[in-house]
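# Notes for the structure review
What follows is the residue order along each chain.
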Amino acid sequence: MSIVENNQGGLTFIDVTVIVAYLLIMLYMGLKIARKQRSTEDFFVGGRDLPAWAVGISLFASVMSTILYLGQPGEMFRTGLSFLTRNLPLPLILIVVCFVWIPFFMRLRLTSAYEYLERRFNYSVRALAAIFCLLLIFGWISVVVLTASMALVEITRIEAILPFINDADSAVYATILGVGAFSIFYTTLGGIRAVIWTDVIQFFVLLIGALFTMGAVAWMTSSNVGDWIEVSQTYKHEEVQWFDWDVRNRSTVFSISLSLFMWMVCTHGANQMAMQRYFTVRNVKAARISYVISAVAALALGIILAGVGISLMYFIQQYDLPASAGILSDIRSVRNVAQDSVFPQFISIYMPSGLRGLVVAALFAAAMSTIDSGANSASTILTVDFIRRFDPKSEAGQLELKRARIMTACMGVLVVGYTIALYELSKGSDIISLAQKGFNCFLGPLGALFVLGMFVKKATPIAVIPAFILGEIVGVSASYSTELFDVDFSTHLVIGFSWLVTFFSALFIGYLHHYLTGNQATKDQQKLMWRAVVRTKEPSNID
């Protein structure tokens, strides 16, 4: 069945009304919360008294939802239901985050995670890690804003003409600029508390959109989940093996599972954006509840979006979409773009007015909240790890709050430029691979740095600094191996590979340095290792 001539997609008046109303509500929330802020303690960590359940949903929504929401349905075309095997390491991740990371970091009562690295090593290590986390944050925000912007262009069918820009790119550029401009205003307001509550709302809106998609497909095609699975099994997916020594193969159960494990462990144990969420709750128990809720939300939405993907495979057997022609293309870049476009095109063409507007608004708000969240974390790093470090007197309530808001807005401006550059570099990439190239290339060495500090006495600044730099070089080189060396390297192995290089390089240098000089962590530094810290009494939330 072909697309009806009068149903070519785009937005109706009802959709536009819903979008405007949704964004005004989000803006009102930001303004209302901003009036209650008196210090950077409120702006950065929400007074450390936010509800654990809301923080848990925000934790998931902020670090995964938009990429997962737009990327997983397309991934079902590439690897099918085998992609769900990535959830195999979830029990192990739960153990590491809840019983290793959270008890340790919550006892340190940090605002920036990198404060720990100065206590354990020195300021050079702290500053180096903070700089690379800023690069990671910029990359992360840019990937989320870019994927949301491209989906918005696909759904809304907007057209734009910009000077010196190709017509094919103008709509994406205009959407990025529009999202950025609105977000820059929004980021100067609400701080982390506004971010968390808007994350909660957009999570449920996006969930409704995914559930409606499956319901609509079932109704329009008179099918059920069993029919969708049957069609999916006959579809020509990338072959998924349990294990392959060939590092070019991105579709093995081992590499996919390893990717999720390393991403989750490193993100929750080294990335300021995730860790800052834990710092907004009262104690270890609340932080654990937040993570469990986040993990349940991730698993549930992941399964639902897998259902969206296989339902759309069935749907295009009976209904046409503009992307249908490219889904089985022999050209990988064409195939990737087409597969990631199916879900946005379904929203644009077949989702009813009103609900389509709500989903578009949620995608817009997700990009907006992403800039807000990332810029807030970047502002936290700049304030706590650099400005306070060299100007301790700057920690004055309203003055520092004003400066934090200005820096947050500046971060938003930088992100818009970063996003446009990433768009030009990533044409033809699928969304999951884009995430690796955009920011995950920096994550592995950051995770290794914290593990070295917690568990290795021989880890000293002389050992970890060169190892960390080497790991970052390896991470970037592996992520861009095709562009740099014309050699394919599985994007799912990037984080784990760069983590291993960093960890074992530091181990080798540390033990060699200890053998030659006898130096290792001092007694005071050893008090900041994992066993010593978790044995201390948990601090009260009341200063």
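My aim in this report is to walk through the structure given alongside it, one point at a time. Every chain begins its residue count from 1, and numbering advances along the sequence as written. Totals for whole chains, interfaces and linings use all residues, but because this is a predicted model, local features are given only for residues with pLDDT of at least 70 and pairs of side-chain atoms are given and counted only at 80 or more. Hydrogens are left out, water is left out, and the side-chain values use all remaining heavy atoms of the structure.

### Examining the overall build of the protein
When you go through the protein residue by residue, the secondary structure sums to 22 helices and zero strands. When a residue's accessible area, from a 1.4 Å probe over protein chains only, is under 20% of the maximum for its type it is buried; when over 50% it is exposed; and in between it is partly exposed. Per-residue burial over the protein gives 61% buried out of 543 residues. Pairs at least 24 apart in sequence give 85% of the contacts found in the protein among residues at least 6 apart. Carbon together with sulfur atoms contributes 65% to the accessible area of the protein, which is approximately 21,500 Å² in total. Strands are runs of DSSP state E lasting at least 2 residues, helices are runs of H or I lasting at least 4, and numbering of each runs from the N terminus. Note on contacts: a residue pair is in contact if any heavy atoms of the two residues lie within 4.5 Å. The Shrake-Rupley method, run with a 1.4 Å probe, gives the accessible areas here. Residue values count only the displayed protein chains as cover.

### Points about a nonpolar patch on the surface
Nonpolar side chains (Val, Leu, Ile, Met, Phe, Trp, Tyr) are joined into patches within 5 Å and like charges within 9 Å, using only residues with over 30% relative accessible area and no salt bridge. Salt bridges, as used here, are contacts in which a Lys or Arg side-chain nitrogen is within 4 Å of a carboxyl oxygen on Asp or Glu. Taken together, Leu11, Val16, Val20 and Leu24 make up a surface patch of nonpolar side chains, about 310 Å² in accessible area. Within the element layout of this structure, valine 16 appears in helix H1 (residues 13–34).

### Section: the packing of helix H17 (residues 443–455) against helix H18 (residues 461–479)
Comment: axis = line fitted to C-alpha atoms, over the contacting stretch for helices; angle = value between 0 and 180 degrees taken between N-to-C directions. Relative to each other, H17 and H18 sit at 155°, their axes nearing to 9 Å. In terms of axis orientation, H17 runs roughly antiparallel to H18. As H17 packs across H18, the resulting crossing turns out to be right-handed. Between H17, through Pro445, Leu446, Leu449 and Leu452, and H18, the contact on the second element is made entirely by Val464, Phe468, Gly471 and Glu472. Broken down by class, the residue content of the contact of H17 with H18 amounts to six nonpolar, one polar and one charged. Comment on the angle field: the value is read as roughly parallel under 35 degrees, roughly antiparallel over 145, roughly perpendicular from 65 to 115, and oblique elsewhere. Whether a crossing is left-handed or right-handed is set by the direction in which the near helix is turned from the far one by less than a right angle, anticlockwise for left-handed and clockwise for right-handed. Ten residues, namely Ala, Val, Leu, Ile, Met, Phe, Trp, Tyr, Cys and Pro, are considered nonpolar, four, namely Asp, Glu, Lys and Arg, are considered charged, and the remaining ones, Gly among them, are considered polar.

### Observations concerning the pattern of salt bridges
With the rule as written, the count across this model stands at six salt bridges. We note a salt bridge from arginine 389 to glutamate 118, for which the minimum N-O separation is 2.8 Å. Of this pair, arginine 389 sits in helix H14 (residues 355–390) while glutamate 118 sits in helix H5 (residues 115–120), placing them 271 residues apart in sequence. Aspartate 199 serves as the salt-bridge partner of arginine 277, at 3.4 Å between the closest nitrogen and oxygen. Taken together, the residues arginine 277 in helix H11 (residues 272–278) and aspartate 199 in helix H8 (residues 191–221) connect sequence positions 78 residues apart. For the pair shown, arginine 277 and aspartate 199 are each scored as buried. Each of Glu118, Arg126, Asp385 and Arg389 takes part in a single network of salt bridges with overlapping partners.

### Description of H18
In this model H18 runs 27 Å from its N-terminal to its C-terminal C-alpha over 19 residues, within 8% of the 27 Å that 1.5 Å per residue would give. Residues Ala463, Val464, Ala467, Phe468, Gly471, Glu472, Val474, Gly475, Ala478 and Ser479 constitute the buried set of H18. For H18, the angular spread of buried residues about the axis comes to 165°, placing them on one side. Here the expected span of a helix is defined as 1.5 Å times the quantity of residues minus one. In this context, the arc is that of the directions from the helix axis out to the C-beta atoms.

### Observations regarding the environment of serine 481
Within the fold, serine 481 resides in helix H19 (residues 481–485). With 10 residues separating them along the chain, serine 481 and threonine 491 place their C-alpha atoms 9.7 Å apart. Dropping the residues within four chain positions of it, serine 481 is found in contact with Asp486, Val487, Asp488 and Phe489. As used in this structure description, the phrase polar contact means that two N or O atoms lie within 3.5 Å; if the pair is within protein, one of them must be able to donate a hydrogen and the other to accept it, and residues adjacent in sequence are counted only when both atoms belong to side chains. For serine 481, the side chain forms a polar contact with the main-chain oxygen of alanine 478, separated by 3.4 Å.

### A word on the nonpolar core
Looking at soluble globular proteins, one finds that nonpolar side chains tend to be buried together. By size, the foremost hydrophobic cluster in this structure holds 167 residues, and its most contacted members are Phe105 and Tyr291. In terms of residue count, the dominant contributor to this core is helix H6 (residues 123–156) (23 residues). Sequence-distant contacts of tyrosine 291, that is, excluding residues within four places in its chain, are made with Leu59, Ile93, Leu94, Val97, Cys98, Ile102, Met264, His268 and Tyr278. Put simply, buried Ala, Val, Leu, Ile, Met, Phe, Trp, Tyr and Cys residues joined by side-chain atoms within 4.5 Å make one nonpolar core.

### Topic: the environment of asparagine 336
Structurally, asparagine 336 is set in helix H13 (residues 332–350). It is 7.9 Å that separates the C-alpha atoms of asparagine 336 and glycine 74, two residues lying 262 residues apart in sequence.

### Description of helix H12 (residues 284–315)
Counted at 1.5 Å a residue, the expected span for H12 with its 32 residues is 46 Å, and the 46 Å between its end C-alpha atoms agrees. The element H12 is extensively covered by neighbouring structure, given that 23 of its 32 residues are classed as buried. Where H12 begins, the capping side chain belongs to asparagine 283, and its oxygen is found 3.3 Å from the backbone nitrogen of lysine 285.

### Let's talk about the packing of aromatic side chains
Aromatic rings from Phe, Tyr and Trp, with only the six-membered ring used for Trp, were paired whenever their centres fell within 6.5 Å, and each pair was classed as stacked if the ring planes differed by under 30 degrees, edge-to-face if by over 60, and tilted otherwise. Per the stated rule, a full pass over the model turns up 18 aromatic pairs. Ring geometry for phenylalanine 105 and phenylalanine 450: centres 5.7 Å apart, planes at 65°, overall edge-to-face. Here phenylalanine 450 lies in helix H17 and phenylalanine 105 lies in helix H4 (residues 90–108), a separation of 345 residues in the sequence. Note on accessibility: phenylalanine 105 and phenylalanine 450 belong to one class, buried. Between the aromatic rings of phenylalanine 503 and phenylalanine 504, the centroid separation amounts to 5.3 Å while the plane-to-plane angle is 90°, which identifies the pairing as edge-to-face. A relative accessible area of 49% means that phenylalanine 504 is categorised as partly exposed. Ring pairs connect the aromatic residues Phe104, Phe105, Tyr114, Tyr116 and Phe450, which therefore count as one cluster. Arginine 389 extends its terminal NZ or CZ atom over the ring of tyrosine 123, reaching a point 4.4 Å from the ring centre. Each ring is checked for a lysine NZ or an arginine CZ that lies within 6 Å of its centre and within 35 degrees of its normal; such an atom marks a charge sitting over the ring.

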